[in-house]
Structure formats: C-alpha cells, structure tokens
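Structural description and commentary
Next come the chains, spelled out residue by residue.
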Amino acid sequence: MATVTVRDETATGRAIDQWPLAGLPERISARELVRLRVREEVARFNADRTDLFRGLVRPTDAEATWNGYRVGQGRRLDWERQADAACAAFARNGFVLLVGDRQVEDLAEEIDLLAEPEVAFVRLVALVGG
C-alpha cells in the first residue's frame, strides 16, 4: 500500500492545503486517484458537521468564501456526485493534476505512487459540482 501527499495549489503555485492520503494501491489510474481524494475530503466534511467545505469542487448551491465553500448547516455531501463533478472539471481544464514534476493529461493514465508520492491539484477556475 502507498501513501501520497496531496497538495492543493493556486495557478501561481501557492500551496493552499496539504495532507497525506494513505492506504492506496501502488499503481492507480488518475481517475481513481481523483475520486479517492474527493471521497476522503467529503468524508471529513460530513464527519466534522461544519458548514465550510474545503474541497476540490464547489458543491451545488454553495457560496464561495475565502477559505472554502459555505454549505447549509447540517448538509451532507454525496461523495460520488462530487467525484463525478471533479472528473468532469478535469476534462474541461478546471484544474491540472501534477504527479511529481509532470502533468497528467488523461484520467485513464496509470500512476506509480511508489515512484511519485506527491500529487498537486492546481486550481485554474472556481469549480461547481454536486
């Protein structure tokens, strides 16, 4: 099993957030990596019972704030809906996925997480999802 460091960055390269994502297979498709990342962030949000979501994709009907997206108090998010929205955003260049020092061009691309233990999600535009 592999652990990667996930980092969110602005288009100028400024780090927004960083955390470890553990228990991953050694090789994984970029699509599955995006989906697992989103599943983890939605699970953390739903468990914390807060109204501020700090995730890759803005939930539908959420208000953008300086530190994330404000959703209704007590609202639970659907990780699959958010993950589908993130994959769609990738397809329309809403964010760039960097693995090590290279850009992933296709969600079908396989990634060796043992060789490349750092991934960065570079946000290019405000993303609206599920």
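This text follows the structure it describes.
Residues numbered from 1 in each chain as written. Predicted model: local features only at pLDDT ≥ 70, side-chain atom pairs only at ≥ 80, totals over all residues. Heavy atoms only, no water.

Some details on the nonpolar core
Val34, Leu97, Ile111 and Phe121 are the most contacted members of the largest nonpolar core, which has 36 residues in total. Per element, the largest residue contribution to this core is seven residues, and it comes from helix 1 (residues 30-48). Once you skip the residues sitting within four places of it in the chain, Ile111 turns out to touch Glu26, Arg27, Ile28, Ala30, Leu33, Val99, Arg102 and Val104. (Core = buried A, V, L, I, M, F, W, Y, C linked by side-chain atoms within 4.5 Å. Buried < 20%, exposed > 50% of the residue type's maximum accessible area, 1.4 Å probe, protein only. Helix = DSSP H or I, 4+ residues; strand = E, 2+ residues; numbered from the N terminus. Contact = heavy atoms within 4.5 Å.)

Here we look at the environment of Arg44
With respect to the helices, strands and loops of the structure, Arg44 is situated in helix 1. Residue classification places Arg44 among the partly exposed residues on the basis of a relative accessible area of 32%. When the C-alpha positions of Arg44 and Asp78 are compared, they lie 12 Å apart, and in sequence the two are 34 residues distant.

Concerning the pairing of strand 1 (residues 2-9)
With six of eight residues buried, strand 1 is to be regarded as a mostly interior element. One ladder, built from seven bridges, connects strand 1 with strand 2 (residues 15-24); its direction is antiparallel. Among the inter-strand pairings, Asp8 is bridged to a residue of strand 2, identified as Asp17. The loop that links strand 1 with its antiparallel partner strand 2 comprises five residues; one of these, Gly13, has a positive phi angle of about 95 degrees. (Pairing = 2+ DSSP bridges.)

Re helix 2 (residues 79-91)
The end-to-end C-alpha distance of helix 2, which contains 13 residues, comes to 18 Å, matching closely the 18 Å that a straight helix rising 1.5 Å per residue would cover. Among all positions in helix 2, only Gln82, Ala83, Ala85, Ala86, Cys87, Ala89 and Phe90 are buried. Where helix 2 is buried, its residues meet helix 1, strand 4 (52-53), strand 7 (95-99) and strand 8 (102-104). With a side-chain oxygen lying 2.9 Å from the backbone nitrogen of Glu80, the N-terminal cap of helix 2 falls on Asp78. (Expected span 1.5 Å × (residues − 1). Polar contact = N/O pair within 3.5 Å; in protein donor to acceptor, adjacent residues only side chain to side chain.)

What to know about the pattern of salt bridges
The full count for this structure, using the stated rule, is 12 salt bridges. We note a salt bridge from Asp17 to Arg54, for which the minimum N-O separation is 3.7 Å. Here Arg54 lies in the loop between strand 4 and strand 5 (63-65) and Asp17 lies in strand 2, a separation of 37 residues in the sequence. On the basis of relative accessible area, Asp17 is assigned to the partly exposed category, the value being 26%. (Salt bridge = Lys/Arg side-chain N within 4 Å of Asp/Glu carboxyl O.)

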